[in-house]
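Chain and residue survey
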Amino acid sequence: MAPNGGTCFILLFVACAALAKRPDVMPPNKAAFKGIAKKLMMKCQNKGYPVPKMMMLKSIFNNSDVAAEDRAAEQSNSLLPTFLHVLSLVPAGRKEASYSQPPVDASDIMNKMENCSDLSAMISMMRNSSTPLACYMAAFVGPLSWATLTQKDDNYVKSTDYDTLLLAVKPVLRDILSERMELPTKVEGQRVKKMMNMLREVYEPMNEDQRTQVLNWAKEQISQNYFNCTMRPSSGSKSMQRDHCKPSLKWLDSEALTMMGPFLSRLSPDDVDSSPKEKLCEFFRSAQFRSSMSRAARMKPSLGKKFLQRIEGCFSGNEFPEHVDKLGPLACYYDAPILTPDLSKKLLSQLDDCDVPIKSKLRKRLVNSVMSNSSGAQALHDLGRSVTLLSPKQLSEQPATVLKDVIQSLGPNVKWTRSQLRTLVKKQLGDKKCEEVSGEDLMALQSITAGMPSCVLKNAKAMEILNDREALNNISQHLRKGQLKTMLQGLREKVRPSELLQKLPGALLRSISLTSLDKANITSLEQVENKTWSRPQAAYLAKKMHELNQLQYRRLYSVLQGITCKMIDKVAENNMMDMIQAIEENPLWLSKVQTVCAAQKIFKTLERGRTDYFKTITEPELDMIPTSVLLYLPPQKVKDLPDSVCPIFLNKMEKANLSVLPLRALSRPAITQTALLCLGRDLPELTTADVSKLGPILCEVQPSKLQLMAPDVVRFSLQAMASCHFIPQRYRADLIQLVYQTFGSPSDWPAETMESLGPLLVLDDDAISALPNKPWMKDVLVFLRSRLTNGSAALQKKFFQLATTITSNGARKRRATNSDTSSNDQGNYTEPTEALIEDLGMANVYWKAAELDMMSNTTFLAMVEILGSISGYSADQLHVLSKKAVETFGPVEEMTESVVLQLGCVNQGFSNSDLEMLPFSLDSLEEIAHCGWKESQTESVWKSVAKYNNLTAEQLRAAEMVALNRFICGLNPSEIDKLNVDAFKDALGSMDDVQCSFKVTQRLKNLAVSVFGNPNTWTEARVSDLGNIVAGLDATEIASLDPSVFAFFSKSSISQIPPDNFAALSAAQLESLGPDNAAMVTSEQRAVLRNDQLSALENAETGSYKQSQKSAESGASVVNVEGICALITPLLLLFTGLLLL
């Protein structure tokens, strides 16, 4: 075996050989290069690979075994400082990097790299190496190889070396895609194919924008190479040498179609028309089409329909249905005729990823077709995931052994309805008693465990299930909180707490109460690291690790949630870099409050080390600050950043997650303005490439500034902004007007424009309501709903209107005759049908009561579970639906537990006296808790539960308290006082989201005080564990809480605090609420606050409060200047003159 030094020396030459002809060694986006290389080196470190020692590095970079006769003196050594700079960004690499030689002049290094060669042999040797050293070197060489491939000049890499460079890039390409994706401006024909072959391999991890970027890049390369024209919008540049391609150009031939592969899903409908019919038909018949479509993402409706239309034109008569098995995402838009059972099976397998409303009716028809051919085991297996479309009755007719085999073959991630679960569980358990169900049975039926009786979960054989962690994790993901607590209760009786702590996965682990955690004998970080804890657990464990002096931040992972600002203030100087790295690696585990405290700590320390630190900050110094922390830099300091750090600043902002920043953060406008200035051009001169560098910052740009950009840039920007997760409220009206000015009235938009800009239109409810009832609009709205992170009531209502209008145009309308309908409301109404109700889903809430009254009992019976899953019905709707329930299932007193389960939220329509007669099982309550019950109804439901399940308040155990969910609010004061104290303590962490009236909450709070003592002693963990119960504290009690615990209040508890009690909070307590909690304060609560309290609340909401400084000045340990500066500044300044800087 060759020595490590020799092997890794080969790796270095990958970059050297590639760059031999080019004077500019580093990639155009230097910040991106460093980010990629750093991430890859971090992976090496996380694999346990030791950082290369300086002696070995010098040996590698100065090795003379390879091409020594062609290498100028110190040629390889010229890259050593660059390598060391990147290595210094990795925590374990700082020691070796600190021994680096002084920076070498960049131009001198460039000159010494002229003679690098022998690329193919070097990459071959690199690929055969698996040593730790090779990992770090490949992390450095891979990004350099990509930079080489993406330079503007296509002639500086020899043809014989191009393939080997691609091979060197492949292992790191996924990481490259996580940074800004740069593609070469111009590549000759054969190299385009090779590049596309590689890009197709990483199609899946790309986001939609990256896929579109690749598609457009390939289109441009094809047009330039094969048709000597360009598809780019005219920029007015005098250097433009090629004519613009004619719209009639048939560029999408067989070769182009094959080259695109799954990127075909990003074509426009016009692109499809650019494919000659014979070429498109030839491609469809080839194996490449099936391969491409099997990987392609869901297509937009306009593209899918156009593609399908063109392909159907390749066949005559009834020939096309024979090819349904190759449609992929096109199947979502195929209006299939009556098919044979075999073809039905093939088409079904293509419909799994379609939006439900688009093909629900077709799916059912296909399922019935498959089942008509055979009702045996093979038919069920042929259905695949579509077996979930079988009715409970159809499932009950299948043999238990066949069903068990199907359940196991489908895996754990299958979603069944409540009735299906009940049927399947009954078929599988048969007459078995709870204690007779083995752990093996439980593990085999993972996807239906949510339908198991609680007694089965409680009696699970501990040793049988704890040894199969993966299966137990799958099971726990299906269980509700009460079921998790039930299973945990059973396991805890048989296994020691410390052992449970090590073996429990995911949701089960998070169900462990603080009381149980306290009994687990936790004495070291090893017992809690690499696990996902709940927030109360994290707060408890963070305090525990702090007391044990084991707060190693980079090993805390989810425990970071529990870190307090006081702990951050006390970080010792030798742990400062550890904390910074932890924040960079796990920003989403930190709350906004924690990030604010960390930011203030870091900024204050840096500024103590140098006057005007941020005015004179260097690129490497800025790069060392985690992006989530940098977002909290005060506005003036953001504006003071020197122009020299713009590349790093833009690179960080392009990847920034702005959701970690308060919506009203004072730094938002300053960051946006600085990012625009860093682009280096006036607004009218910005290009689409410039704007794309802004990333999410574009969402914060004022419409008045967008208007100043060139027309094509405005269009590009608005289309990009359709992907924004948040647009400031104050900009929305002007932004909508700019959309109208740029693209015209939405009533005139074609489907493609609506697909692209629809998410912006959702910002204006009136615009959504005014959309025309065009034939394609329903499918587009379904597509838009799947893209929106926040639901839109206006969009849902428009979808309802379209669906019912389209249906009623082809069906009968009836005049409502319901006696409850006023004479002024008489008119034409649409009758709810099974197909309509299934298509509408949650939009069924928009039926008028008179229309629901027209529904047949047969339809109600078939669709009751869908109707019962919807919350938000009006009193009139509930009255009609509950009446339908009685008509369908009989009198209330005769209804079964199964019927009550199916009715779901429809149960709200019954009177309180009727509710007391219904057979509510404990297992069903969590599923209907969201329905919006009145307080008097919760009392009636509790009485029913107590009677039906033979329970009293004092008999309730932790699992049953959790299963009651918000119906625990129905207990009267004397019953609450009788609750078992130990059970209450055990249940608390799983009841954090229960919301009761203030009177009930106050009673539960009294119980908490009797258990945990005076509120002024409550810790962050305790407050977090109590959840909404803390809203029951009176004015004196809430004022006695330590300010630090307010950051751990649940968001939902804030609005439940009565205004008079809220007014008792001090300015320090209000500041400590943090941005998210402060944003939940109601107008009634604000109205009772003094000016100083309002000022403190404003500081909390904007993330600009000074709590960490106050804590530090009151005696907390502060890192001295030598602390972070010794760890950061000298190391980074050492490399200021290097190639990357």
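Before going into details, it helps to say that this report is about the structure given with it. (Residues numbered from 1 in each chain as written. Predicted model: local features only at pLDDT ≥ 70, side-chain atom pairs only at ≥ 80, totals over all residues. Heavy atoms only, no water.)

1. Some words on the nonpolar core
Membership of the largest hydrophobic core comes to 350 residues, with the highest contact counts inside it found for Phe-307 and Leu-347. Top element by residues in this core is helix H8 (residues 132-149). It accounts for nine residues. Residues contacting Leu-347, with those up to four places away along its chain left out, are Val-324, Leu-327, Ala-331, Tyr-334, Ala-336, Leu-339, Leu-362 and Leu-366. (Core = buried A, V, L, I, M, F, W, Y, C linked by side-chain atoms within 4.5 Å. Buried < 20%, exposed > 50% of the residue type's maximum accessible area, 1.4 Å probe, protein only. Helix = DSSP H or I, 4+ residues; strand = E, 2+ residues; numbered from the N terminus. Contact = heavy atoms within 4.5 Å.)

2. Considering the packing of aromatic side chains
Using the criterion set out here, one finds 16 aromatic pairs in the structure. Between Phe-320 and Tyr-334 the ring centres are 5.4 Å apart and the planes differ by 80 degrees, which places this aromatic pair in the edge-to-face class. One end of the pair, Phe-320, is in the loop between helix H17 (301-312) and helix H18 (341-348); the other, Tyr-334, is in the loop between H17 and H18, with 14 residues separating them in the sequence. Feature note: the residues Phe-283, Phe-284, Phe-289, Phe-307, Phe-315, Phe-320 and Tyr-334 constitute an aromatic cluster, connected by ring pairs. For the cation-ring pair, Lys-326 lies above Phe-284, with the distance from its terminal atom to the ring centre recorded as 4.8 Å. (Phe/Tyr/Trp six-rings, centres within 6.5 Å; stacked < 30°, edge-to-face > 60°. Lys NZ or Arg CZ within 6 Å of the ring centre and 35° of its normal.)

3. Thoughts on the pattern of salt bridges
Under the counting rule described, the total for this entry stands at 49 salt bridges. Its salt-bridge partner being Arg-232, residue Glu-220 comes within 3.7 Å of it at the nearest N-O pair. Here Arg-232 lies in the loop between strand E1 (229-230) and strand E2 (243-244) and Glu-220 lies in helix H12 (residues 208-227), a separation of twelve residues in the sequence. Put simply, Asp-690 and Arg-681 hold a salt bridge, and the shortest N to O gap is 2.7 Å. Here Asp-690 falls in the buried class, since its relative accessible area comes to 5%. Owing to a relative accessible area of 42%, Arg-681 belongs among the partly exposed residues under this scheme. (Salt bridge = Lys/Arg side-chain N within 4 Å of Asp/Glu carboxyl O.)

4. Considering helix H47 (residues 777-787)
Of all eleven residues that make up H47, eight are buried, and the element is covered over most of its length. Those residues of H47 that sit buried are Met-777, Lys-778, Asp-779, Val-780, Leu-781, Val-782, Phe-783 and Leu-784.

5. A word on the state of the cysteines
Counted under the stated rule, the structure contains ten disulfides. Put simply, Cys-229 and Cys-245 are joined by a disulfide, and their sulfur atoms are 2.0 Å apart. Because the torsion about its S-S bond is 95 degrees, the bridge between Cys-229 and Cys-245 counts as right-handed. Of this pair, Cys-229 sits in strand E1 while Cys-245 sits in the loop between E2 and helix H13 (254-260), placing them 16 residues apart in sequence. Per residue, the accessibility class of Cys-229 equals that of Cys-245, and both read buried. A disulfide bridge connects Cys-905 with Cys-931, and the sulfur atoms are separated by 2.0 Å. With the S-S bond torsion at -80 degrees, the cross-link from Cys-905 to Cys-931 turns out left-handed. Remark: Cys-931 occurs in the loop between helix H55 (925-928) and helix H56 (935-948) and Cys-905 occurs in the loop between helix H53 (897-903) and helix H54 (912-917); sequence separation between them is 26 residues. With relative accessibility at 0%, the residue Cys-905 sits in the buried group. (Disulfide = S-S within 2.5 Å.)

Geometric values such as these leave the question of function open.
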